[in-house]
Amino acid sequence: MSLRGRVRPGERIIETIVFICGALSIFTTTAIVIVLFQEAWLFFGSPEVDIAEFFGTTVWQPETGRFGIWPLLNSTLLTSIIALLVAVPLGLGAAIYLSEYASPTTRGYLKPILEILAGVPTVVYGYFALTFVTPVILVGLLGRGNVEVYNMLSAGLTMGIMILPLVASMSEDALSAVPRSLREGSYGLGATRLETSLRVIVPAALSGILAAVIVAMSRAVGETMIVALAAGAGPRLTFNPLQAAETMTGHIARISGGDISYASIQYTSIFAIALVLFFMTLLLNLLSGWVVRRFREVYE
């Protein structure tokens with residue numbers, strides 16, 4: 001017996017549209033990767049560039065032929081870690097409240113409000129960091145002489161606010177997917193709601209929570225406008241978050257908008273930095289998938 005049934009023209013049209021959309025997305029992604037590798041190859045193939053110097057030195061001055069990626073990489077990782085220190089506790093706390101404490105009506109109001117933050121343009125976050133976080137919060141707490149106008153702490157705190165809805169939403173989905181039977185069993189043994197949340201529900205949803213953190217880290221590493229506006233310009237290798245330092249994406253945004261000639265070493269260096277960013281986000285995404293497979297709990 002044939003299970004396919006009669007072919008409907010409307011379904012065939014929908015299948016064709018879906019196929020075209022999928023093919024276009026794959027083609028676009030492939031084209032971006034090809035262009036990225038081609039331009040980066042021009043940089044690394046230049047006689048002025050030494051790969052060992054690129055990954056082993058700490059001075060980035062393209063105008064003088066010094067290409068050490070670590071000042072840009074260090075500020076990128078530092079601002080991203082600050083962002084995670086803000087987003088993970090707040091996002092996980094919001095997720096636990098929405099999943100375990102809030103009523104359905106309250107959850108229906110609070111979750112869309114929280115996700116509004118994800119729709120705010122990042123340039124708005126950048127000006128928020130520059131005009132409020134630094135002069136009002138950081139200068140008010142630490143003093144004007146201790147905080148530079150452009151600094152990594154302000155950019156990191158603002159990025160933490162930006163990725164907070166991502167952590168909260170993905171973590172809340174993971175917590176809500178835990179079977180009701182685990183909650184009822186914990187309550188039956190005399191556990192409180194807090195003990196059930198922290199000792200039963202969170203460990204059961206650990207794979208989804210860790211995946212949310214890794215995806216948020218990937219989002220923070222690739223953020224551009226906030227760090228371009230608030231973190232500062234000019235590569236500097238410093239571990240003091242109160243000082244200005246340029247990140248990888250901020251450097252790309254600044255140089256690409258300047259007066260540099262096409263195919264010059266300064267121009268191709270942008271794609272070399274972008275290639276490093278590409279591999280960083282790729283590794284984070286692969287790590288996220290491994291974490292989900294490694295710590296996933298399957299319930300019947």
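Residues numbered from 1 in each chain as written. Predicted model: local features only at pLDDT ≥ 70, side-chain atom pairs only at ≥ 80, totals over all residues. Heavy atoms only, no water.

**Concerning the packing of helix 3 (residues 70-101) against helix 4 (residues 104-116)**
- In contact at an axis separation of 9 Å, helix 3 and helix 4 are set at 155° when each is read in the N-to-C sense. The orientation of helix 3 relative to helix 4 falls into the category roughly antiparallel. Crossing of helix 3 against helix 4: the hand is left-handed. For the pair helix 3 and helix 4, contact is made by Ala-94, Tyr-97, Leu-98 and Ser-99 and by Thr-106, Arg-107, Leu-110, Lys-111 and Leu-114, respectively.
- Tallied by class, the residues present in the contact of helix 3 with helix 4 amount to five nonpolar, two polar and two charged. (Axes fitted to C-alpha atoms, helices over the stretch in contact; angles between N-to-C directions. Helix = DSSP H or I, 4+ residues; strand = E, 2+ residues; numbered from the N terminus. Parallel < 35°, antiparallel > 145°, perpendicular 65-115°, else oblique. Left-handed = near helix turned anticlockwise from the far one by under 90°. Contact = heavy atoms within 4.5 Å. Nonpolar A, V, L, I, M, F, W, Y, C, P; charged D, E, K, R; others polar.)

**A word on the nonpolar core**
- In this structure, Phe-43, Phe-44, Phe-54, Ile-163 and Met-248 are the most contacted members of the largest nonpolar core, which totals 44 residues.
- When residues of this core are traced back to their parent elements, those giving at least two are helix 1 (9-44), helix 3, helix 5 (122-142), helix 6 (152-176), helix 9 (206-221), helix 10 (225-230), helix 11 (248-256) and helix 12 (265-295).
- Counting residues per element, this core draws most heavily on helix 12, which supplies 11 residues.
- Each residue touching Phe-54, except ones within four places of it in the same chain, is listed here: Phe-43, Phe-44, Trp-60, Phe-67, Gly-68, Ile-69, Ala-272 and Val-276. (Core = buried A, V, L, I, M, F, W, Y, C linked by side-chain atoms within 4.5 Å. Buried < 20%, exposed > 50% of the residue type's maximum accessible area, 1.4 Å probe, protein only.)

**Some details on the packing of aromatic side chains**
- Scanning the entire structure with this criterion turns up 12 aromatic pairs.
- Considering the side-chain rings of Phe-128 and Phe-132, the 5.3 Å spacing of their centres and the 25° angle between planes classify their relative orientation as stacked. One end of the pair, Phe-128, and the other, Phe-132, are both in helix 5, four residues apart, so they sit about a helical turn from each other.
- Judged by its relative accessible area of 35%, Phe-132 is partly exposed.
- Each member of the aromatic cluster is reached from another via a ring pair, and the members are Phe-43, Phe-44, Phe-54, Phe-55, Trp-60 and Phe-67. (Phe/Tyr/Trp six-rings, centres within 6.5 Å; stacked < 30°, edge-to-face > 60°.)

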